[in-house]
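Observations on chain architecture
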Amino acid sequence: MSVTPESVQQLLDSENYGDRLRGVNQLRLLDPAVAFTKIQALAIDSNVRVRYAAISQLSTVGEVNREESLNILRDRLENDPEIDVKAAAADGIGALRLTEGYPDLEQAYGNTEEWLLQMSIVATLGELGDPRALTLLKVALNSPTDLVRSAAVSSVGELGDPEAVEWLFPLVDDPDWQVRHRVAQALHGLGGEGEGVESALNRLAQDPVDQVAIAAKNTYS
């Protein structure tokens, strides 16, 4: 059976959340403009899985109306009761490069102790591409949570500001090997040159974890 706006709407109108979730997934088969109009209501659905699926899909259909997409994502980032949905909203702001939403991401990071949301915010800052994010990333590099530090290192590398390279030096000896691995990669993203970089890469090239050592050697070769 072919998927049409009418058939999808029938699923979305169902009282069964499973049907509504199927409807959200089938929106991917419709014209983005049509999908976007339907996602607006789904973003506040009573079921968390439906809301999560709808918010996640804004990363692709949100270009239809960037201003309204930002409004929806801001609202869910601030007001949704579920961390998974808040994290998806943060991802969407970065994926759509909605730099107007950076202050919202910064505020959300400061207002939560949930590692999943903090990680999602930090991870999306590199994609967002806003240089203001370096202020928050400098804080996140000192997070007690390994995954947050790891995401922060990657975003610092993506933003490509050479002034941030020295922030990575203390993480050369980070207890988490994935953080060290990201440091080796980020040093390449930041140019792989400058005072202290050679020493940092040489140290990482001797790392007991092969993935870290190989990344450092490839970066420095």
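Residues numbered from 1 in each chain as written. Predicted model: local features only at pLDDT ≥ 70, side-chain atom pairs only at ≥ 80, totals over all residues. Heavy atoms only, no water.

Under the annotation held in an unreviewed UniProt entry, the protein carries the name Phycocyanin alpha phycocyanobilin lyase and is attributed to Roseofilum reptotaenium AO1-A.

**Quick look at the overall build of the protein**
What counts here: Only DSSP runs of H or I covering at least 4 residues are called helices, and only runs of E covering at least 2 are called strands; the numbering of each starts at the N terminus. Any residue under 20% of the maximum accessible area for its type is buried, any over 50% is exposed, and the rest in between are partly exposed; the area is computed with a 1.4 Å probe on protein chains only. Any two residues having at least one pair of non-hydrogen atoms within 4.5 Å are treated as being in contact. Only the protein chains shown count as cover for residues, and all accessible areas are computed by the Shrake-Rupley method using a 1.4 Å probe. We score Asp and Glu as negative and Lys and Arg as positive, and we do not count His or the chain ends. For charged residues, the charge sits on one atom: NZ in Lys, CZ in Arg, CG in Asp, CD in Glu.
Tallying secondary structure elements over the protein gives 14 helices and zero strands in all. Taken from N to C terminus, the helices and strands of the protein fall in the order α-α-α-α-α-α-α-α-α-α-α-α-α-α. Principal axes of the C-alpha set define a box for the protein whose edges measure 60 × 35 × 25 Å. Relative to its full complement of 221 residues, the protein shows a buried share of 48%. Within the protein, contacts between residues separated by at least 24 positions form 62% of all contacts whose residues are at least 6 apart in sequence. Summed over its atoms, the accessible surface of the protein is roughly 11,100 Å², and 47% of this surface lies on carbon and sulfur atoms. If the 18 positive side-chain charges of the protein are averaged to one point and the 35 negative ones to another, these points end up 3 Å apart.

**Details of the nonpolar core**
One recurring pattern in soluble globular proteins is that nonpolar side chains are buried together. Counted only if it meets this: Nonpolar core, defined: a set of buried Ala, Val, Leu, Ile, Met, Phe, Trp, Tyr and Cys residues in which side-chain atoms within 4.5 Å join the residues together.
In this structure, Ile55, Leu168 and Val183 are the most contacted members of the largest nonpolar core, which totals 69 residues. The residues touching Leu168, leaving out its near neighbours within four places in the chain, are Leu141, Val153, Val156, Val183, Ala186, Leu187 and Leu190.

**Overview of the packing of helix α4 (residues 48-61) against helix α6 (residues 83-95)**
Condition: Every angle, taken between N-to-C directions, lies between 0 and 180 degrees, and every axis is a line fitted to C-alpha atoms, over only the stretch in contact when it is a helix. Each angle is binned into one of four classes, with values under 35 degrees roughly parallel, values over 145 roughly antiparallel, values of 65 to 115 roughly perpendicular, and all other values oblique. Each residue receives one of three labels: charged for Asp, Glu, Lys and Arg, nonpolar for Ala, Val, Leu, Ile, Met, Phe, Trp, Tyr, Cys and Pro, and polar for the others, Gly being one of them.
Direction vectors running N to C along α4 and α6 enclose 10°, while the axes themselves pass 8 Å from each other. By the angle class used here, α4 and α6 are roughly parallel. Contacts between α4 and α6 pair Val48, Arg51, Tyr52, Ile55, Ser56 and Ser59 from the former with Asp84, Val85, Ala88, Ala89, Asp91, Gly92 and Ala95 from the latter. Taken together, the residues of the contact of α4 with α6 sort by class into seven nonpolar, three polar and three charged.

**Here we look at the pattern of salt bridges**
Rule in force here: Just to be clear on terms, a salt bridge is a Lys or Arg side-chain nitrogen sitting within 4 Å of an Asp or Glu carboxyl oxygen.
Applying the stated criterion to the full structure yields twelve salt bridges. Between Arg20 and Asp45 there is a salt bridge, with the nearest N and O atoms lying 2.8 Å from each other. Here the residue Arg20 occupies a position in helix α2 (residues 17-26), and Asp45 occupies one in the loop between α3 (32-42) and α4, the gap between them amounting to 25 residues. Exposure class is identical for Arg20 and Asp45. Each is buried. Its salt-bridge partner being Asp146, residue Arg149 comes within 2.6 Å of it at the nearest N-O pair. Here Arg149 and its partner Asp146 are both found in helix α10 (residues 146-159), three residues apart, which amounts to about one turn of the helix.

**Considerations on α6**
Formally: Helix span, expected: 1.5 Å multiplied by one less than the number of residues in the helix.
Between the first and last C-alpha of α6 there are 18 Å, a value that for 13 residues agrees with the 18 Å anticipated at 1.5 Å per step. Those residues of α6 that fall on the buried side of the exposure criterion are Val85, Lys86, Ala87, Ala88, Ala89, Ala90, Gly92, Ile93 and Gly94. Looking at the buried side of α6, the elements it contacts are α4, α5 (66-79), α7 (102-111) and α8 (115-128). Just downstream of α6 lies Arg97, where phi reads positive at about 55°.

**Focus: the packing of helix α1 (residues 5-12) against α2**
The condition that has to hold: A crossing counts as left-handed when the near helix is turned anticlockwise from the far one by less than a right angle, and as right-handed when that turn is clockwise.
One way to put it is that α1 packs onto α2 with a least axis distance of 7 Å and a crossing angle of 150°. In terms of crossing hand, the pair formed by α1 and α2 is left-handed. Contacts between α1 and α2 involve Val8, Leu11 and Leu12 on the former and, on the latter, Asp19, Arg20, Arg22, Gly23, Val24 and Gln26. Residue classes in the contact of α1 with α2 are distributed as four nonpolar, two polar and three charged.

**Here's the deal with the environment of Gln9**
Note on placement: Gln9 falls in helix α1. It is 54 Å that separates the C-alpha atoms of Gln9 and Asp173, two residues lying 164 residues apart in sequence.

**Looking at the side chain of Thr112**
Worth spelling out the cut-off: Under the rule applied, a polar contact is a pair of N or O atoms within 3.5 Å (in protein, one hydrogen donor and one hydrogen acceptor; residues adjacent in sequence only if both atoms are side-chain atoms).
Note that Thr112 resides in the loop between α7 and α8. Assessed through its relative accessible area of 11%, Thr112 is described here as buried. At a separation of 3.0 Å, a polar atom in the side chain of Thr112 contacts the main-chain amide nitrogen of Glu114. Excluding its chain neighbours within four sequence positions, the residues that come into contact with Thr112 are Leu117 and Gln118.

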